[in-house]
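# Structural description and commentary
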Amino acid sequence: MEMKSRAVKLFCAIAESGSLLAASNKLNLSSSAASRMLSQLEDRLGVKLFERGNKQLVLSEEGNNFYRVAHEAMKAWKVLED
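Bear in mind that the values here come from a model prediction, so they are computed numbers and not experimental data.

### Digging into the pattern of salt bridges
Scanning the entire structure with this criterion turns up 3 salt bridges. Across the pair Arg52 and Glu42 runs a salt bridge whose closest N-O atoms are separated by 2.8 Å. Pair noted here: Arg52 is in strand 1 (residues 50-52) and Glu42 is in helix 3 (residues 31-45), with a separation of 10 residues, a long-range link. One salt-bridge network, held together by shared partners, links Glu42, Lys48 and Arg52.

### Looking at the nonpolar core
Within the largest apolar cluster, 18 residues are counted, with the highest numbers of intra-cluster contacts made by Leu10, Phe11, Cys12, Ile14, Leu38, Leu49 and Phe50. Going through the elements one at a time, helix 1 (2-17), helix 3 and helix 4 (61-81) are the ones with two or more residues in this core. Among the elements that line this core, the one with the most residues is helix 1, at 7 residues. Once residues within four sequence positions are removed from consideration, Phe50 is found in contact with Phe11, Ile14, Ala15, Leu38, Glu42, Leu57, Val58, Leu59 and Ser60.

Thresholds, definitions, all that
- Residues numbered from 1 in each chain as written.
- Predicted model: local features only at pLDDT ≥ 70, side-chain atom pairs only at ≥ 80, totals over all residues.
- Heavy atoms only, no water.
- Salt bridge = Lys/Arg side-chain N within 4 Å of Asp/Glu carboxyl O.
- Helix = DSSP H or I, 4+ residues; strand = E, 2+ residues; numbered from the N terminus.
- Core = buried A, V, L, I, M, F, W, Y, C linked by side-chain atoms within 4.5 Å.
- Buried < 20%, exposed > 50% of the residue type's maximum accessible area, 1.4 Å probe, protein only.
- Contact = heavy atoms within 4.5 Å.

Quick look at the structure:
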């Protein structure tokens, strides 16, 4: 479960910053580990969550839909952690 929650946290951090590097730094992950984790999440979900551009990641339509759910899950996890 921990790996999956870390992947969702990473996804949300990328969605909010638009940058894999910024998100990986925030979560103390190497950029290669973060990239691998994002790819695994996309594979598991069967969708591309981001449109990849010039050093920036922009949410795809599926990514936008997943972000709404993931963001609510993050809020619930925070309540449970407190």
